[in-house]
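Residue strings, one per chain:
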Amino acid sequence: MPERHSERDLQRALIQNMKRFLLELGRDFTFMGEEYPVQVGMRDFRLDPAVLSP
């Protein structure tokens, strides 16, 4: 990653590395996506990134 980068570039690089890492861990973890929508009560939230484990 270049020394000068945007916040979005940093976010993309971190998520890409996280995806690779989770793939190495195997099937016990699931990457649900970037900015995964979740509703709690009457409020909407976005989890970024969303990772689930049994």
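Owing to the predicted nature of the structure, the values given are computational and were not obtained by experimental measurement.

Student: Explain a nonpolar patch on the surface here, please?
Tutor: A cluster of nonpolar side chains, M1, L10 and L14, forms an exposed patch at the surface whose accessible area comes to about 300 Å². Within the element layout of this structure, L10 appears in helix α1 (residues 7-25). Accessibility expressed as a relative area gives 35% for L10, which makes it partly exposed.

Student: Is there a simple way to explain the environment of Q11 in this structure?
Tutor: Along the chain, the position of Q11 falls in helix α1. Sequence separation between Q11 and E34 is 23 residues; the distance between their C-alpha atoms is 9.9 Å. The contact partners of Q11, leaving out residues within four places of it in the chain, are E35 and D48.

About the criteria used
Residues numbered from 1 in each chain as written. Predicted model: local features only at pLDDT ≥ 70, side-chain atom pairs only at ≥ 80, totals over all residues. Heavy atoms only, no water. Patch = residues over 30% accessible without salt bridge, like charges linked within 9 Å, V, L, I, M, F, W, Y side chains within 5 Å. Areas by Shrake-Rupley, 256 points an atom, 1.4 Å probe, with all protein chains shown as cover. Salt bridge = Lys/Arg side-chain N within 4 Å of Asp/Glu carboxyl O. Helix = DSSP H or I, 4+ residues; strand = E, 2+ residues; numbered from the N terminus. Buried < 20%, exposed > 50% of the residue type's maximum accessible area, 1.4 Å probe, protein only. Contact = heavy atoms within 4.5 Å.

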